[in-house]
Amino acid sequence: MSNPADMKFLIVDDFSTMRRIVRGLLKEIGYNNAEEAEDGAAALNILKNSKFDFVVSDINMPNMNGFELLKAIKADDSLKHLPVLMVTAEARKEDIVLAAQSGAAGYIVKPFTKATLEEKVQKIMQKLAATA
């Protein structure tokens, strides 16, 4: 990925305000290319039909939660390379452990700042660049 601004993000959250906030923060950081999905099932459908570079997903959602989405992404050969940043309102240790074990690239707790999101995304990108 030559230019970070070209990266395509998928923001997955059942709360439209939260999707808007994340999209706004990504834009402030310099990532202008983002789409939204209201739950994991919709996200998986979008991911299978379009190319994305990064997924920011809430954990608690109806239909298909963030962990189920993460497992589905990691089980799909065409999607498993995607970094998934998990977002949740609850900082439960078992959730953090499960996210890491399931292949999440990172984890942030709501509410978070632009600086937190930027730092996490950059760390994940650096890790990806190192393994690419």
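Everything here concerns the structure above.
My aim in this report is to walk through the structure given alongside it, one point at a time. In this text, all values refer to a predicted model and were calculated from it rather than measured experimentally.

**A short note on the packing of helix H3 (residues 66-75) against helix H4 (residues 93-101)**
Where H3 meets H4, the axes come as close as 10 Å, and the angle between the chain directions of the two elements is 15°. Here H4 runs roughly parallel to H3, going by the angle between their axes. Crossing handedness for the pair H3 and H4: left-handed. Contact with H3, carried on its side by Phe 67, Leu 70 and Lys 71, involves Asp 95, Leu 98 and Ala 99 of H4 and no other residues of that element. Partitioning the contact of H3 with H4 into residue classes produces four nonpolar, no polar and two charged.

**Observations concerning helix H5 (residues 114-131)**
In this model H5 runs 26 Å from its N-terminal to its C-terminal C-alpha over 18 residues, within 8% of the 26 Å that 1.5 Å per residue would give. The complete set of buried residues in H5 reads Leu 117, Val 121, Ile 124 and Met 125. Angularly, the buried residues of H5 cover 100° about the axis, an arc narrow enough to put them on a single face. Among the exposed residues of H5, those oriented more than 90 degrees off its buried face are Ala 115, Gln 126, Lys 127 and Ala 130.

**Side note on the packing of aromatic side chains**
Evaluation of the coordinates by the stated rule reveals two aromatic pairs. Both rings, one in Phe 9 and one in Tyr 31, keep their centres 4.8 Å apart while their planes meet at 55°; by these two values the pair is tilted. Of this pair, Phe 9 sits in strand S1 (residues 8-12) while Tyr 31 sits in the loop between helix H1 (16-29) and strand S2 (33-37); the two residues are 22 residues apart in sequence, bridging distant segments of the chain. Tyr 31 matches Phe 9 in its accessibility class, with the two residues each being buried. An angle of 35° between the planes, with centres 4.9 Å apart, marks the rings of Phe 9 and Phe 54 as tilted. Note that Phe 9 is positioned in strand S1 and Phe 54 in strand S3 (residues 54-58), a separation of 45 residues in sequence. There is no split in this pair, since Phe 9 and Phe 54 are both buried. Feature note: the residues Phe 9, Tyr 31 and Phe 54 constitute an aromatic cluster, connected by ring pairs. Across the ring face of Phe 52, the terminal group of Lys 8 is positioned such that the distance to the ring centre comes to 4.6 Å.

Parameters at a glance
- Residues numbered from 1 in each chain as written.
- Predicted model: local features only at pLDDT ≥ 70, side-chain atom pairs only at ≥ 80, totals over all residues.
- Heavy atoms only, no water.
- Axes fitted to C-alpha atoms, helices over the stretch in contact; angles between N-to-C directions.
- Helix = DSSP H or I, 4+ residues; strand = E, 2+ residues; numbered from the N terminus.
- Parallel < 35°, antiparallel > 145°, perpendicular 65-115°, else oblique.
- Left-handed = near helix turned anticlockwise from the far one by under 90°.
- Contact = heavy atoms within 4.5 Å.
- Nonpolar A, V, L, I, M, F, W, Y, C, P; charged D, E, K, R; others polar.
- Expected span 1.5 Å × (residues − 1).
- Buried < 20%, exposed > 50% of the residue type's maximum accessible area, 1.4 Å probe, protein only.
- Arc of directions from axis to C-beta.
- Phe/Tyr/Trp six-rings, centres within 6.5 Å; stacked < 30°, edge-to-face > 60°.
- Lys NZ or Arg CZ within 6 Å of the ring centre and 35° of its normal.

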